[in-house]
Amino acid sequence: MAEPGSLGPSIWAASDGRAGNAAQIRAVMAALSERSRHAKLAHIRGENHRAGPMILSPRAPWTWLPADRWPFPRLALPKAQRTILQAPWPTLWIAAGRRTAAFTKAVRVWSGGKTLCVQILDPRVDPGHFDLVITPAHDGLEAPNVTTTIGSPAYFSDGAIAQARRDYAYVAGQHLQSAIVIVGGNSKTHRFTEQACLRLADQLRVVSADGWHLRITTSRRTPDFVTTRLRILAGEIGADIWSGPEDGPNPYLAWLLHSDAAIVTEDSANMLSDAAYHGLPVHMARLDGQSEKFDRLHGSLIDRGVARWFDGALERWTYPPLREAERVADAIVESLIRRDLA
């Protein structure tokens, strides 16, 4: 995007630092930076562009309140972060997560309405406080300025894909049929219990015996005992596993590109959406726990033809890849163009 004072819109992006929220911000920013989209906006002059997303860390008692009731929102931030939110204001502000919503609302006011303010994920207040709200359909939020997505806005740039293909060229054609296994962990709604771990391990043994090569990757939320159990399993069945830097560079994107199917634990909209971005048949592995919101997420992926429940057998099917970050970026571009023409 633009440098300060140059042609092209300026962007500020913010998250509360939570990995899932930060990932959605990065995905939308990358989709906006795609050449054809940026070309549509090159005539718009922006100021004070920031190339990377910022992290905002509001504190109690502000975080106890809804985003539309924060008095003096700058004071909610640690002193070192308060100077971040100063004029000149950008063309576009994008933030993700409930704890950033008060700042999205405030920037809209502080900029005199000149900054297009976009909030990703349900802010849990009136959407009218924002110019555009991006929420997954399973949140059930409806308003004229709300754009809904199926799952999360995942995005992988052409450059990143090309680099992964070069760096991991040896992975292509390495096995007749392979599956990436994307393992999450404990969350507000799901628990990776011993029982869930044993069930998944038994299912993976069956899949391996059916002739599938498995590539297992864990996340920050994966309990240590699960990682240990899966590492032992990988040694027994000849699977690949990556659980951190000790296993070398992260092959996540390459494994997505060079796998024929995906097994993904049910607890993460982002992980499910990553596999769906590449059009992989997504097999959702059950953990313990449930929520109505995640039931709606799973249902939306099943209805779209993206996912099925994993029962220990892998199937192959096709569907149009889920490219929601690109659709979100297009909605933002259209809003910026309409504003510029007004």
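In this report, the structure presented in the accompanying data block is examined. The shown structure was predicted, so the numbers you read here are calculated from the model rather than taken from an experiment. (Residues numbered from 1 in each chain as written. Predicted model: local features only at pLDDT ≥ 70, side-chain atom pairs only at ≥ 80, totals over all residues. Heavy atoms only, no water.)

Things to note about the pattern of salt bridges
The condition is simple: Take a side-chain nitrogen of Lys or Arg and a carboxyl oxygen of Asp or Glu: if they are within 4 Å of each other, that pair is a salt bridge.
Under the defined criterion, the tally for this structure stands at 16 salt bridges. Two residues, Asp16 and Arg18, come together in a salt bridge whose shortest N-O distance is 3.6 Å. If you follow the salt bridges from partner to partner, you end up with Glu34, Arg37, Glu326 and Asp330 in one network.

Remarks on the nonpolar core
To be explicit about the condition: In plain words, nonpolar cores are sets of buried Ala, Val, Leu, Ile, Met, Phe, Trp, Tyr and Cys residues tied together by side-chain atoms within 4.5 Å. Exposure is judged per residue with a 1.4 Å probe applied to protein chains only, and the accessible area is read against the type maximum: over 50% gives exposed, under 20% gives buried, and values in between give partly exposed. Each helix is a run of H or I in the DSSP string that is no shorter than four residues. Each strand is a run of E no shorter than two, and both are numbered from the N terminus. Should any heavy atoms of two residues lie within 4.5 Å, those residues are considered in contact.
Formed by 62 residues in total, the largest nonpolar core has its most connected members in Leu32, Leu92, Ile94, Val282, Leu301 and Ile332. Element by element, the count of residues in this core is highest for helix 11 (residues 324–341), at 7 residues. Residues within four places of Ile94 in sequence aside, it is in contact with Ile11, Trp12, Ala13, Ala14, Ile25, Val28, Leu32, Val118, Ile120 and Ile332. Within the second largest apolar cluster, 25 residues are counted, among which are Ala196, Leu204, Ile216 and Ala285.

Considering the side chain of Asp267
Inclusion rule: Any pair of N or O atoms that falls within 3.5 Å is considered a polar contact. Within protein, one atom must be able to donate a hydrogen and the other to accept it, and sequence-neighbouring residues count only if both atoms are side-chain atoms.
Relative to the helices and strands, Asp267 resides in the loop between strand 11 (261–265) and helix 9 (269–277). Looking at Asp267, the relative accessible area reads 4%, which means it is buried. A distance of 3.1 Å separates a polar atom in the side chain of Asp267 from the backbone nitrogen of Gly185. A polar atom in the side chain of Asp267 sits 2.6 Å from the side chain of Thr265. Not counting residues within four places of it along the chain, the set of residues in contact with Asp267 comprises Gly184, Gly185, Ser187, His190, Arg221, Leu287 and Phe294.

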